[in-house]
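Observations on chain architecture
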Amino acid sequence: MLTIGTIVLGVNDVAAATKFWNDAISYVPREAGDETWVTLVPSSGPGAELSLMLSETPVQDHPRIHLDLYADDQSAEVERLVALGARRVDWDSYPEDPDFVVLEDPDGNRFCVIDKSPR
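About the criteria used
Residues numbered from 1 in each chain as written. Predicted model: local features only at pLDDT ≥ 70, side-chain atom pairs only at ≥ 80, totals over all residues. Heavy atoms only, no water. Helix = DSSP H or I, 4+ residues; strand = E, 2+ residues; numbered from the N terminus. Buried < 20%, exposed > 50% of the residue type's maximum accessible area, 1.4 Å probe, protein only. Polar contact = N/O pair within 3.5 Å; in protein donor to acceptor, adjacent residues only side chain to side chain. 1 Å grid on protein atoms, 1.4 Å probe; cavity = no way out; pocket = protein on both sides within 12 Å on 5 of 7 lines; lining within 4 Å. Points joined across faces, edges and corners; volume = space filled by probe spheres on them. Nonpolar A, V, L, I, M, F, W, Y, C, P; charged D, E, K, R; others polar.

1. Points about the environment of Asp115
Tracing the chain through its elements places Asp115 in strand E8 (residues 110-115). We classify Asp115 as buried; its relative accessible area is 17%. For the pair Asp115 and Asp90, spaced 25 residues apart in sequence, the C-alpha to C-alpha distance is 18 Å. A polar atom in the side chain of Asp115 sits 2.6 Å from the side chain of Ser117.

2. A look at the layout of surface pockets
Within this model, the largest pocket holds a volume of roughly 530 Å³. Along its surface, the largest pocket is lined by 22 residues, and Val8, Leu9, Gly10, Ile65 and Asn109 are the ones closest to its centre. Top contributing element to the lining of the largest pocket by residue count: strand E1 (residues 6-11), with five residues. A class-by-class count of the residues in the lining of the largest pocket yields 11 nonpolar, eight polar and three charged.

Shape is all these values report; function is a separate question.
Okay, structure coming up:
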């Protein structure tokens, strides 16, 4: 049997990306990384791991894989993430009544903030 161990994002600056994702989702380095690689884990309790890898590959406008972040207060979380350095994406594929907002981290990696509040 296989399981997903770690999600890996390519970044331009591992230290800056580590700070952004720590501030965004409270993930911390599992062990000391370096300028080319670090694996982040939740600061409290179990959860998916996120590795940041130095990459020179250009970011895709429509990435084949991305992160979905769940939020009880979507608008507050979107504003908080933007204040941390995320940018809003003018997404051309929104459905009529989306439950998600597309953002990108400072490296241009796109992710969605999903509204998980009771409707």
